[in-house]
Amino acid sequence: MIRVEYQAAVPDWVRRTIDAFIISIVPRAEGLLVLGKIDLSREPDGSGLSLRADGTFNGEHRELCLEDREIADPRYQEADWDKRRRELVRGAVLDLLGLKLPWGILTGVRPSKLYRHLQQAGFSPEEIATKLQEVYRLSPEKAALLQEIDSVQAPFMRAEPDGIGVYVGIPFCPTRCRYCSFPAYPLGTHGHLVAGFLRGLAEEIRFFAEFCRNNGLRVQTVYVGGGTPTSLVPGDFGRLLMALRAFSTEDDMEFTVEAGRPETVTPEHLQACLDWGVNRISVNPQTLHDRTLQRIGRCHTSADIFAAVARVREARIAVLNMDLIAGSPGETTRDLDETLDQILTLAPENLTIHTLAPKRAAQWDEEQFQEGMADPELADWLEQAGQRIRQAGWRPYYLYRQRRIMANQENIGYAVPGRESLYNIWMMEETKTVLGLGGGAITKWVDQRTGSVERWSNPKCPATYGQRISASLPEKAKWLRAHLN
Ligand code: SF4
């Protein structure tokens, strides 16, 4: 972990910017940055920003004088000046640390939002590519990746104005993976909460299905996640899918079920998926090495994954997604290659490559995260894997980043052309409203005119959810109605 010591007084916003930036980038880097001073000013003639700073990192002293004249372009708004002050500070920190990072000074979850912001400001693709590399310091590969994803997403951004998505959180899993930070309660210790949780969820689904009908909202995609929804017994699982059809009976509604743990994908669960029109399912190996599966706290083997995929294929569910995690402690590039080879042979229509991100809510401690492969090796593997996946016929269609993600990388969703998930694009890009139901679900109301996002969170704990959700429904509906009007 990099620590910062301030020798001179700095404004609060500068300190907050530096501290947040340091926490986000390369979590496994070590050292002490002693910051002498940092002065930032806006030129009185409006010609740009300038910054002077000096500091010492691990014994190496640097003095900086940075300028941003580019912000004076009339296509920028006044609000952009404020953002660029913070971005100049982040650039100074990178220079003082002597670091070049793949994503440069960007720390946000959704770098493609910056791409769209620059597009909407009127900059051409060529200008954006230059800015991403020169102003935001992205590597040429990451700048090209953003452009590639933007072109794939363009048709999905022209969706109908009354279209929304629905997310349903089922916060139970067979066991808890050691890297997990999601609301996922092990059934062995929390199984007694399932019945109360499902009673509350049935009520929330009925209430908001009616709300959507009464307010002209057309549900185009439903995503059942969590947790592991298929860890519910088949009867409960089938009743849940049936209830969700109250949002739409249209065959073309995208209907996804997370079946992350392969041992939970039984023929009865798949029959319920077929009965209620599920057309996308996610079986997530993360790795196909049994020793890593054990190490990450899963209670199944790679053979279970192959068996679950065979059952999904037999059931002819249109789209299969599979997730892989790069950077797990103890895994080598050879292990990752072997897993990727086998996944490509299984040919899922969607393939998501995650990079591990150490989280506070995870069971692993910092030391265990240090045991993953070195950052440069991991970054090289991800780059080469991306090329292999493209050559095999998939293309990247969405990406998101996480705080403290290893090797300053990202998570990328790849799809066979024409099999992209509408939900993933809407949710990750925050371009359309997604109504969140169930445990820990977050409703994101997106204003289609301004792009601003308002959030409403459901209780994470299934016991609290079961007890309180009924009483909170009128208030949540009032909040939604206020945004509709
Ligand atoms: S399967 Fe997913 S939600 Fe469940 S514990 Fe593992 S990472 Fe968390």
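This structure is a prediction, so every number in the text was calculated from the model and none was measured.

Draft legend 1. Just the sheet that holds strand β2 (residues 31–42), in detail. Taken together, the four strands give an open sheet; going across it, the order is β1-β2-β3-β4, and neighbouring strands pair in mixed fashion. Each edge of the open sheet is held by one strand with a lone partner, namely β1 (2–6) and β4 (60–68). The sheet shows a mean angle of 25° between the axes of neighbouring strands, direction not considered. Here β2 runs beside strand β3 (residues 49–57); their pairing, made up of nine bridges, is antiparallel. Within β3, the position partnered with L33 by the bridge is F57. Of the strands in this sheet, β1 and β2 touch helix α1 (residues 12–24), which is tilted by about 165° from β1.

Draft legend 2. Fine view of unusual backbone geometry. In this chain, G226 is followed by G227 through a cis amide linkage whose omega measures 15°. With respect to the helices, strands and loops of the structure, G227 is situated in the loop between β8 (218–226) and α8 (234–244). One non-glycine residue, N58, lies in the positive phi region at around 45°. Turning to its location among the elements, N58 is positioned in the loop between β3 and β4. Even without glycine at this site, A407 takes up a positive phi of about 60°. Among the secondary structure elements, A407 is positioned in the loop between β13 (395–400) and β14 (411–415).

Draft legend 3. Geometry of a negative patch on the surface. Taken together, the side chains of E141, E377, D380 and E383 define an acidic patch exposed on the protein surface. Ranked by residue count, the leading element in the negative patch is helix α14 (residues 375–391), at three residues. Position of E377 relative to the elements: it lies in helix α14.

Draft legend 4. Layout of the site of the ligand. Every residue close to the ligand is listed here: C173, T175, R176, C177, Y179, C180, F182, A184, G227, T228, R261 and R298. For the shell around the ligand, the class distribution of residues is six nonpolar, three polar and three charged.

Draft legend 5. Layout of the packing of helix α7 (residues 194–214) against α8. Remark: α7 packs on α8, axes separated minimally by 10 Å, with the N-to-C direction vectors making an angle of 15°. Taken together, the axes of α7 and α8 are roughly parallel relative to one another. The element α7 and its partner α8 pack so that their crossing is left-handed. On α8, the residues that touch V194, L198, L201 and I205 of α7 are D236, L240, A243 and L244. Broken down by class, the residue content of the contact of α7 with α8 amounts to seven nonpolar, no polar and one charged.

Draft legend 6. Spatial organisation of the domain arrangement of the protein chain. Its domain assignment divides the protein chain into domain 1 (1–99) and domain 2 (159–476). Taken together, the contact between domain 1 and domain 2 spans seven residues of the former and 12 residues of the latter. For the domain 1 and domain 2 pair, buried surface summed over both sides reaches about 840 Å², with 45% attributable to carbon and sulfur atoms. Per-residue buried area on domain 1 facing domain 2 is highest for I23, P27 and R28; these three make up 70% of the total on that side. Inspection of the region where domain 1 meets domain 2 yields one salt bridge. For R28, the salt bridge is made with D375, and the minimal N-O distance between the two is 2.5 Å. Among the residues forming the side of domain 1 that touches domain 2, the class breakdown is four nonpolar, one polar and two charged.

Draft legend 7. Inspection of helix α11 (residues 302–315) at higher detail. In a regular helix each residue adds 1.5 Å, so 14 residues correspond to 20 Å; α11 covers 20 Å between its end C-alpha atoms and thus fits that length. Looking at the buried side of α11, the elements it contacts are α9 (267–275), β10 (280–282), α10 (290–295), β11 (319–326) and α12 (333–346). Looking one or two residues past α11, R316 carries a phi angle of roughly 60°, positive in sign.

Rules and cut-offs
- Residues numbered from 1 in each chain as written.
- Predicted model: local features only at pLDDT ≥ 70, side-chain atom pairs only at ≥ 80, totals over all residues.
- Heavy atoms only, no water.
- Pairing = 2+ DSSP bridges.
- Helix = DSSP H or I, 4+ residues; strand = E, 2+ residues; numbered from the N terminus.
- Axes fitted to C-alpha atoms, helices over the stretch in contact; angles between N-to-C directions.
- Contact = heavy atoms within 4.5 Å.
- Patch = residues over 30% accessible without salt bridge, like charges linked within 9 Å, V, L, I, M, F, W, Y side chains within 5 Å.
- Areas by Shrake-Rupley, 256 points an atom, 1.4 Å probe, with all protein chains shown as cover.
- Salt bridge = Lys/Arg side-chain N within 4 Å of Asp/Glu carboxyl O.
- Lys, Arg positive; Asp, Glu negative; His and termini not counted.
- Charge placed at Lys NZ, Arg CZ, Asp CG, Glu CD.
- Near = heavy atom within 4 Å.
- Nonpolar A, V, L, I, M, F, W, Y, C, P; charged D, E, K, R; others polar.
- Parallel < 35°, antiparallel > 145°, perpendicular 65-115°, else oblique.
- Left-handed = near helix turned anticlockwise from the far one by under 90°.
- Domains from an automatic or database assignment.
- Buried area = accessible area lost by both parts, 1.4 Å probe.
- Expected span 1.5 Å × (residues − 1).

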